[in-house]
Amino acid sequence: MGKKVILSGNEAAARGAWEAGVKIATAYPGTPSTEILENAAKYEEIDAQWSPNEKVAFEVALGAAIAGARSMVSMKHVGLNVAADPFFSSSYTGVNAGFVIISCDDPGMHSSQNEQDNRRYAKFAKVPVIEPSDSQEAHDFIKKAFEISEKFDTPVLFRITTRLSHTKTVVEIGERIEVPLKDYKKTPEKYIILPAHARKRHVVVEERIKALRAYASKCELNRMEINNTSLGIVTSGISYQYAKEVFPNASFLKLGLSWPFPEELFKEFYEKVDKVIVIEENEPFLEEEIKFLGYADVEGKKYIPLCGELNPEIVRKGVLGKELPHPEEAKSVKRPPALCPGCPHTGIFYNLWRLKLNVTGDIGCYTLGALPPYNAMDTTICMGASIPNAFGFEKARGKDFAKKTVAVIGDSTFLHTGIPGLMDTVYNKGISTVIILDNRITAMTGHQDHPGTGKTAKGEPTVEIDMAEVVKALGVKKVYKVDPHKLRETRNVIREAVASEEPAVIISERPCALLPEERKQHAKRPKRKVDPEKCKGEKCLGCIKLGCPAISMKEGKAYISPLLCVGCDLCIQVCPFGAIS
Amino acid sequence: METRNIIISGVGGQGIITASEILSEVALFNGFDVKKSEVHGMSQRGGSVVSHVRFGEKVYSPLIEKGTCDVILAFEKAEALRWVHYLKPGEGIVIVNDLEIIPNMVSLGLDTYPENIEDTLKRVASKVFVMDGIEIAKEAGDPRTANTALLGALSNYLPFSEESWIEVIKRRVKPNTIEANLKAFKMGRERGRE
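Thresholds applied
- The numbers attached to residues start from 1 for each chain and follow its sequence in the written order.
- For this description, chains carry letters from A and ligands carry numbers from 1, given in the order in which they are written.
- This being a predicted model, a pLDDT of at least 70 is required before a residue's local features are given, and a value of 80 or more before pairs of side-chain atoms are given or counted; all residues contribute to the totals for chains, interfaces and linings.
- The side-chain numbers reported here are obtained from all heavy atoms of the structure, hydrogens and water having been left aside.
- Helical segments are the DSSP runs of H or I of at least four residues, strand segments are the runs of E of at least two, and each set is numbered from the N terminus.
- Criterion for a salt bridge: a side-chain nitrogen of Lys or Arg within 4 Å of a carboxyl oxygen of Asp or Glu.
- Per-residue accessibility, obtained with a 1.4 Å probe over protein chains only, is compared with the maximum for each type, and a residue is labelled buried under 20%, exposed over 50%, and partly exposed between these values.
- Between any two strands, pairing holds if DSSP finds at least two bridges.
- For helices, the axis comes from a line fit to the C-alpha atoms of the stretch in contact; other axes are also lines fit to C-alpha atoms, and the angle between any two N-to-C directions lies between 0 and 180 degrees.
- Whether two residues touch is decided by their heavy atoms; if any such pair falls within 4.5 Å, the residues are in contact.

1. What to know about unusual backbone geometry
Residues and elements named next belong to chain A.
- The linkage connecting Trp 259 with the following residue, Pro 260, adopts the cis geometry, with an omega of 0 degrees.
- Here Pro 260 lies in the loop between β12 (257–259) and α12 (263–272).
- In this chain, Pro 372 is followed by Pro 373 through a cis amide linkage whose omega measures 5 degrees.
- Locating Pro 373 in the fold gives a position in the loop between β14 (358–360) and α16 (386–402).
- Even without being glycine, Asp 153 reaches a positive phi, approximately 50 degrees.
- Phi angles above zero are rare outside glycine, and Leu 541 is one such case at about 60 degrees.
- Relative to the helices and strands, Leu 541 resides in the loop between α20 (516–524) and β19 (551–554).

What follows is the structure in structure tokens.
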């Protein structure tokens, strides 16, 4: 028996991939997927890297698989939108060595802009889907995913969801088995998808799906658990755990390889039980497959909501129409996430609020600029959308409107998909202003390096991209640098930039307050204090409007928590009465 | 043994995840199946954070169902109140840090901080134990060991030996803080018995 440890779904997937002999792992960080690559990078035998975006990550890993090395790429669900182009092509080309795409979907949208169910993507691209239901399965199934990938010469979509990614469960781990490089042979009719080749490859893809469909009914990832036969439940992924919790005695058809749908196995299950229902999170994916086979009496979404994350009480209420007895919910206080004490974004959003500008936003910690006290954001669409959105505003409403608008985008997001947007603004003669919030790290997802940090995923030093030089190379003439903690100076630069008749970029330079080097600085600085004699309290609220979590109102006066204060001087700058020192 | 359900809650940055990891490791050390669930990302940034820990012979759902929670361990008062409907009716226990963290929304006048939290908790729980974790931590020699003190109080209600807690704490905390953490744990365990 192997050693038993507690691992999150993400850690277990990385461990399983290592044991499966993976040589190359790539990713762009995104909650809930980030820890997969972080953990893969800890293994000496895995060449793990952050790419600037998911498309690039996908193409590097696919190239490595074609060249003969077992490879994987991991991303959050919406990352697969960015990587959709190579994803669809890879289905046609096939893979040579095993190639697994881990998609971490986010039911409940804990940290995402939508609830897309990427099982639909897999079916669309004609790629098999594997869904583990706990960390042990994440560990075991990923090994099987590489085998299936090689056996059927196909990419495999390995679908994890947030609850699985971030739940730790007991895993029996094993050891690594080295898998030698597969031979690489030039095969243009396979890997160059010219129309003439692709037409032939499409036929191959359809044959592959047929073979996989037959295989799915025999594959050990799909199993029947026959108990009481009055109720049969078809389920997959984390939904299995909720269903099992509520119906421990029911019979189950538990799918690990959920597409292509195992028709024969389902027919067998259907015959064994009196009634079949489907319990699945989000889309009626399995239900539609079953209904398409002609089983009109099998219901799923009739009981289980399509929107939101599942849990045991939703399953119980949906199917049995009742909840367990529980105390009444008490009214607590709203506590949304906030920018950290000393955060470089605080100064920028304080100024944007003061200047009453239109702000097209992007994806990162700074999306919190949309919340009170700043309310300083008009749009947030997806990675990289801020700059083109601002240019769209300008196109629709003219130059005067552009002079009241800025796009804000983080350093990692700018390198991800921001550059083409800025290129477009310059090329098409826009005058929009862009603020690059350069905090020297991918912060939101927990500090991952990127091409601007000078360090690789393995912690090795590398070339550091110079933001200002990139911006200049795109044709921007007005390039400013500011320290966002110098409030007045920054405000004046923003005023000048938006007023100009040409595109301008302000690079706001200050490292994330949670970086280790910054924390050392905090320890050296004095904690700020409020003089209650000078503080005008509720009549003013000047410092409260900074949104700093260290500052609150206590007995009618501002109070700075010494536990939370990091000793920056933003509050000193905004207090009109000199009450803070 | 029936599956036991523990909620650990607090404010992002208070160390909820580390505390729930220690608890899970202790459960595993004692031979139980265990699942520990929380969501990372946005929630870490000063927002409300909750971790569900379940252990027993075989655990399915990683999430605790409303009405089945045995103990809520809260590092902040309003964050205890937030989850009371998860308690087992008439049987649940609440251990709460004597600390109020006022969110910006309240200071701005956009929301109010709940009053009489202890009374509300007492109406719902069979036992409410309020403990000043930070004070104990200071006594133990390091104010950052407040969570360990609160885990000490929690340990009185769980079927794990003191040795197993000590073993896991030694493994999980920074070497130079082991002594203070063990002291805080023992003090919390002692006070929690009162």
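That shown, we press on.
2. With respect to the pattern of salt bridges
- All told, the structure shown has 59 salt bridges over all chains when counted by the stated rule.
- Measuring nitrogen to oxygen at the nearest pair gives 3.6 Å for the salt bridge that ties Glu 264 of chain A to Lys 267 of chain A. Note that Glu 264 of chain A and Lys 267 of chain A are positioned in helix α12 at a spacing of 3 residues, about one turn of the helix.
- In this structure, Glu 162 of chain B and Arg 189 of chain B form a salt bridge, with 3.4 Å as the shortest nitrogen-oxygen distance. Of the two residues, Glu 162 of chain B is situated in helix α7 (residues 162–172) and Arg 189 of chain B in helix α8 (residues 178–192); the sequence distance between them amounts to 27 residues.
- A relative accessible area of 23% places Glu 162 of chain B in the partly exposed class.
- Residues joined in a network through salt bridges with shared partners are Glu 11 and Lys 168 of chain A together with Glu 21, Glu 25, Lys 36, Glu 38, Arg 171 and Arg 172 of chain B.

3. Digging into the sheet that holds strand β11 (residues 250–255) of chain A
Residues and elements named next belong to chain A.
- Ordered in space as β9-β11-β10-β13, the 4 strands form an open sheet in which the pairing is mixed. Looking at strand neighbours, the two that pair on one side only are β9 (223–225) and β13 (276–279), the edges of this open sheet. Adjacent strand axes in the sheet meet at a mean angle of 20 degrees when their direction is disregarded.
- Sheet topology places β9 next to β11; 3 bridges connect them, and they run antiparallel. Looking at β11, one finds that Glu 225 is bridged to Phe 252.
- Across the sheet, helix α13 (residues 285–292) touches β10 (228–236), β11 and β13, and the angle it forms with β10 is around 120 degrees.

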